Amino acid sequence: MGQAFCFGDDIDTDQIIPAQHITSADPTALADHCMEGADPTFADCVTPGDVLVAGSNFGCGSSREHAPLAILGTGVDAVIAESFARIFFRNAINIGLPVLTVSDATDRMTAGDDVEVHIEDYIVENRTTDDQMEINNYPDFVNEIIEAGGLIEYGKTLSQSNTR
Amino acid sequence: MPTIAESILSKQLGAPVEPGMIEKFPVDFAFGHDMTLPAAIKEFNELGVGSVFDPDAIAVIPDHLIPPHNEHAAELYSTCEAFAEEHGTIFYPQGRQGQEHVVIPEDGLVKPGDVVVGADSHTCTEGALGAFAVGVGSTDLAFAMAFGWLWLRVPETTRVNFTGKIGEWTEPKDLVLALLANIGADGAVGHALEFGGETVRALDMDGRLTLSNMAIEAGGATGIVEPDAVTEQYANERVDEDFKLHTPKHPTYEQKIKIDCENLEPQIAIPESPANVVPISDTRVSDIEIDQAVIGSCTNSRKRDLQITAAILEDHSVATGVRLIVTPGSQRLERRAIREGWTETFLKAGATMENPGCGACFGMRTGVLDENEVAISTTNRNFPGRMGDPTSAVYLASPAVAAASAVTGRITHPREVI
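All values reported here derive from a predicted model rather than from experimental measurement.

Novice: So what about unusual backbone geometry? Which residues, and what values?
Specialist: Residue Pro67(B) follows Ile66(B) across a cis peptide bond; omega there is -5°. Relative to the helices and strands, Pro67(B) resides in the loop between strand 3 (58–60) and helix 3 (71–87). Glu272(B) follows Pro271(B) through a cis peptide bond whose omega is 15°. Examined against the element boundaries, Glu272(B) turns out to sit in the loop between strand 12 (267–269) and strand 13 (277–279). At Tyr122(A), a position not held by glycine, the phi torsion is positive, near 55°. Mapped onto the elements, Tyr122(A) comes out in the loop between strand 5 (114–118) and strand 6 (123–126). When its relative accessible area of 21% is taken as the criterion, Tyr122(A) is described as partly exposed.

Novice: Help me get a handle on the interface of chain B and chain A, residues and values and all.
Specialist: Contacts between the two partners involve 31 residues from chain B, matched on the other side by 26 residues from chain A. Summing both sides of the interface, chain B and chain A together bury roughly 2,400 Å²; the carbon and sulfur share of this comes to 64%. Three residues, Ile22(B), Thr139(B) and Trp151(B), lead the burial of chain B against chain A; their summed loss comes to 28% of the area buried on that side. Put simply, chain B and chain A have two salt bridges between them. Between Lys156(A) and Glu46(B) there is a salt bridge; the shortest N-O distance is 3.9 Å. Where chain B touches chain A, the interface holds eight residue pairs in polar contact (both at pLDDT 80 or more). Going through the elements one at a time, strand 1 (22–26), helix 2 (37–47), strand 6 (132–135), helix 5 (138–147) and strand 7 (149–153) of chain B are the ones with two or more residues in the side of chain B that touches chain A. At seven residues, helix 5 of chain B tops the list of elements feeding residues into the side of chain B that touches chain A.

Novice: Quick rundown of helix 2 of chain B? Include the residues and the values.
Specialist: Listed as buried for helix 2 of chain B are Leu37(B), Pro38(B), Ala40(B), Ile41(B), Glu43(B), Phe44(B) and Leu47(B). In the segment just after helix 2 of chain B, Gly48(B) is the residue with positive phi, at about 70°.

Novice: Could you give me a rundown of the packing of helix 2 of chain B against helix 5 of chain B, with the residues and numbers involved?
Specialist: The description of two packed helices rests on the angle between their axes and on the distance between the axes. All names here are of chain B. Where helix 2 contacts helix 5, the two axes come as close as 8 Å, and the packing angle between them is 50°. Considering the angle they form, helix 2 stands oblique to helix 5. You can see that helix 2 and helix 5 cross each other, and the crossing is right-handed. Seen from helix 2, the contacting residues are Leu37, Ala39, Ala40, Glu43, Phe44 and Leu47; seen from helix 5, they are Ser138, Thr139, Leu141, Ala142, Phe143, Met145, Ala146 and Phe147.

Novice: Report on the sheet that holds strand 5 of chain A, specifying residues and quantitative values.
Specialist: Sheet strands pair via backbone hydrogen bonds, and the direction of the pair is either parallel or antiparallel. All names here are of chain A. The strand order across the open sheet built from seven strands is 4-3-2-1-5-6-7, with neighbouring strands paired in mixed fashion. Every other strand in the sheet has two partners, leaving strand 4 (99–101) and strand 7 (131–134) as the edge strands with one partner each. Strand-to-strand twist of the sheet, defined as the mean angle between neighbouring strand axes without regard to direction, takes the value 30°. Direction of pairing for strand 2 (residues 51–54) relative to strand 3 (residues 78–81): parallel, over a ladder of four bridges. The partner of Val51 across the bridge, within strand 3, is Ala78.

What counts as what
- Residues numbered from 1 in each chain as written.
- Chains lettered and ligands numbered in written order.
- Predicted model: local features only at pLDDT ≥ 70, side-chain atom pairs only at ≥ 80, totals over all residues.
- Heavy atoms only, no water.
- Helix = DSSP H or I, 4+ residues; strand = E, 2+ residues; numbered from the N terminus.
- Buried < 20%, exposed > 50% of the residue type's maximum accessible area, 1.4 Å probe, protein only.
- Contact = heavy atoms within 4.5 Å.
- Buried area = accessible area lost by both parts, 1.4 Å probe.
- Salt bridge = Lys/Arg side-chain N within 4 Å of Asp/Glu carboxyl O.
- Polar contact = N/O pair within 3.5 Å; in protein donor to acceptor, adjacent residues only side chain to side chain.
- Axes fitted to C-alpha atoms, helices over the stretch in contact; angles between N-to-C directions.
- Parallel < 35°, antiparallel > 145°, perpendicular 65-115°, else oblique.
- Left-handed = near helix turned anticlockwise from the far one by under 90°.
- Pairing = 2+ DSSP bridges.

Purely spatial values, then, with no claim about function.
Quick look at the structure:
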């Protein structure tokens, strides 16, 4: 259960983590400046369990993994957007950040709404408006990557079981 | 019916695929450069697999910061070198270096029908060979190098047909800039762009590589040129292995675009988006004075690019107050430029020749722009501060336009100079 933070369309990776703050790949350090280019107050206000809601083409721009790492570092439950830029989407899955597509997300969630993500049921619940939204059902092994804590952790299980 | 991307991915999976499906696809070739590979190496080591899945299918290509210009760049290079040596991968050391998207096709490392991943957003370039080539992050590259497969989403396909015979001064760069003007920077997000039509069939491989290179600037996952006899000949001359041209009949496209090239003028991308494109006759670009002209990068540093640059610079000098930088894409091209006399022409005109690599494209090593300076460049991005100071401006154009502009000192149609 957490609070919704809402953003618009075309939020690019420089808005998610401005380039001057990329001096580390530590999610906690990056989180201090998360979303600074779009909302300088976000990093101070967000708490673990909150959700980030955005419009279309979220994460466009660079292939740098610092952008999803910064969001991961804030402890949000998920990013819910109307659509994601391709490389951002991949990078988020790979580092274990849930990225969920809801086609009319910004119409159905408003800043401050009490939103809960039920990933296992593919549902996002807006408790403020008593609204339930279906999210895309990932293939099983993409869920395995997320549940493992990212692609590297997932890969470790493969290498340990010698299933390369 | 499947598109080219779907046909390649179906072959790779051994089962029919449809757009939107996410599956585990074997990777034929993976590569990284000196800015993305070191991060991938760190993660690769965490995986604990010991060795890469196939040393012959992995290339380490330092090209962004080579030769290293500071200690950080030197450390990145050393990390790449040590990894290549430890794992026996393909390696392009300093002294044999080249821009990755130039040397990979040139040396036959990728063939038609391959699934290719590179830790660089312009990996879409290799789609010119009729391959499925996509850019990925460092974590993806680490995983692909370890296991030889990667999870990929089957993209929808946007088909682009280029029609009409292009004029004397219209270049492949102008075709892709015209496409970007048409569909915008988000016109094909996550899609495979599939390029075909009579205009594309008439292009050599150098021109096709330029076309595919900028697919990412429309959000495309890859830019696949419909393979034909030109593709087959190019691959036959460079690749020892068997390959298949994927040319499915009656494909189903998500989106279809037609670009008429019959009377297409040279195109210019105005800062600060590669899709902010106008014809050269537009008053917004016709009187723009320049401080620097750049000919090079993974977009335009190949034979046809150097050749046309030499043709325009012949018997001309770079305008006073203008710096011209020419960067061949590979050592092979650098030697060819010497052999053909192009180097002599460049130097006589007053150009600075750079060693093969990425050159001035991204403002981190050479050709950095000062406050409010203006460049015309054959590179692929004109984002704010891309080539130096945030107040500087980069206009994107073909090598012919960049060379002509270097001669006059302002953005110039090549016919004015010849």
